[in-house]
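Report on the structure
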Amino acid sequence: MDKFHVFVADNFLTRFLGYMFRKTPHHQTILIKPCNSIHTFFMNFDIDVLFINKELEVIKKINSLSPRKIIFPVYLSVSVMEGKAGIFKNIAIGEKIEIQQDFCTFRKNK
């Protein structure tokens with residue numbers, strides 16, 4: 001089971017900034033909530049992206065999204081998890097996220 005350190009971005013400033021203006025990621029992963037769309041303007045590296053519904057299931061996955069892109073709203077998404085490209089290579093659509101303190105894990109949905 002994959003386990004990641006997660007920074008929860010749940011206020012205007014942390015949601016707005018995310019990974020923008022950084023040369024490298026300053027957090028292993030960022031959980032942005034509420035959120036159903038993203039952009040990668042002002043970013044300097046590729047990211048992996050997971051769109052998550054209210055049941056905490058991954059409903060869309062984007063690998064290696066490059067800077068200066070827009071992902072329009074994803075139906076039923078309530079939050080987005082971002083990480084450096086390649087970090088979510090073992091995560092599949094349908095897996096559930098579990099967050100405890102500042103770590104998250106994923107498990108297969110039964």
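Residues numbered from 1 in each chain as written. Predicted model: local features only at pLDDT ≥ 70, side-chain atom pairs only at ≥ 80, totals over all residues. Heavy atoms only, no water.

**Some thoughts on the overall build of the protein**
- Counting its secondary structure elements, the protein contains 1 helix and 9 strands.
- Secondary structure elements of the protein, listed N to C terminal, follow the sequence β-α-β-β-β-β-β-β-β-β.
- Its C-alpha radius of gyration of 13 Å places the protein within 12% of the 13 Å reference for a compact globule of 110 residues.
- For the protein, the spread of C-alpha atoms along the three principal axes comes to 40 × 25 × 25 Å.
- Taken across its 110 residues, the protein has 40% of its residues classed as buried.
- A fraction of 59% describes how many contacts in the protein between residues 6 or more apart in sequence connect residues 24 or more apart.
- Taking the average location of the 16 positive side-chain charges in the protein and that of its 10 negative ones, the two points are 4 Å from each other. (Helix = DSSP H or I, 4+ residues; strand = E, 2+ residues; numbered from the N terminus. Rg over C-alpha atoms; globule rule 2.2 N^0.38 Å. Buried < 20%, exposed > 50% of the residue type's maximum accessible area, 1.4 Å probe, protein only. Contact = heavy atoms within 4.5 Å. Lys, Arg positive; Asp, Glu negative; His and termini not counted. Charge placed at Lys NZ, Arg CZ, Asp CG, Glu CD.)

**Topic: the pairing of strand E7 (residues 79-84)**
- Most of E7 sits out of view: 5 of its 6 residues are buried.
- Alignment of strand E4 (residues 47-52) against E7, held across 6 bridges, turns out to be antiparallel. Paired with Val49 across the strands is Glu82, a residue of E7. (Pairing = 2+ DSSP bridges.)

**Quick look at the pairing of strand E5 (residues 58-65)**
- Two strands pair when backbone bridges link them, and E4 and E5 are joined in this way by 5 bridges, in the antiparallel orientation. Looking at the pairing, Ile47 lines up with Leu65 of E5.

**Observations regarding unusual backbone geometry**
- Following Lys33, the chain continues into Pro34 via a peptide bond in cis, with omega recorded as -10°.
- The residue Pro34 is located in the loop between strand E2 (29-32) and strand E3 (38-39) in this model.
- In the Ramachandran plot, Ser64 falls in the positive-phi region, its phi being about 50° despite a non-glycine side chain.
- For Leu76, which is not a glycine, the phi torsion comes out positive at approximately 75°.

**Regarding the environment of Asp102**
- Position of Asp102 relative to the elements: it lies in the loop between strand E8 (96-100) and strand E9 (103-107).
- Between the C-alpha atoms of Asp102 and Val8, which are 94 residues apart in sequence, the distance is 8.0 Å.

**Brief notes about the side chain of Thr29**
- By the secondary structure assignment, Thr29 is in strand E2.
- Apart from residues no more than four positions distant in its own chain, Thr29 is found in contact with Phe4, His5, Val6, Phe7, Tyr19, Met81, Glu82, Gly83, Ile87 and Phe88.

**Looking at the packing of aromatic side chains**
- Scanning the model with the defined rule gives 4 aromatic pairs in all.
- Consider the rings of Phe12 and Phe16, whose centres lie 5.9 Å apart with planes at 10°: the pair is stacked. Of this pair, Phe12 and Phe16 both sit in helix H1 (residues 12-17), 4 residues apart, which is roughly one turn of the helix.
- Using a relative accessible area of 65% as the deciding quantity, one classes Phe12 as exposed. (Phe/Tyr/Trp six-rings, centres within 6.5 Å; stacked < 30°, edge-to-face > 60°.)

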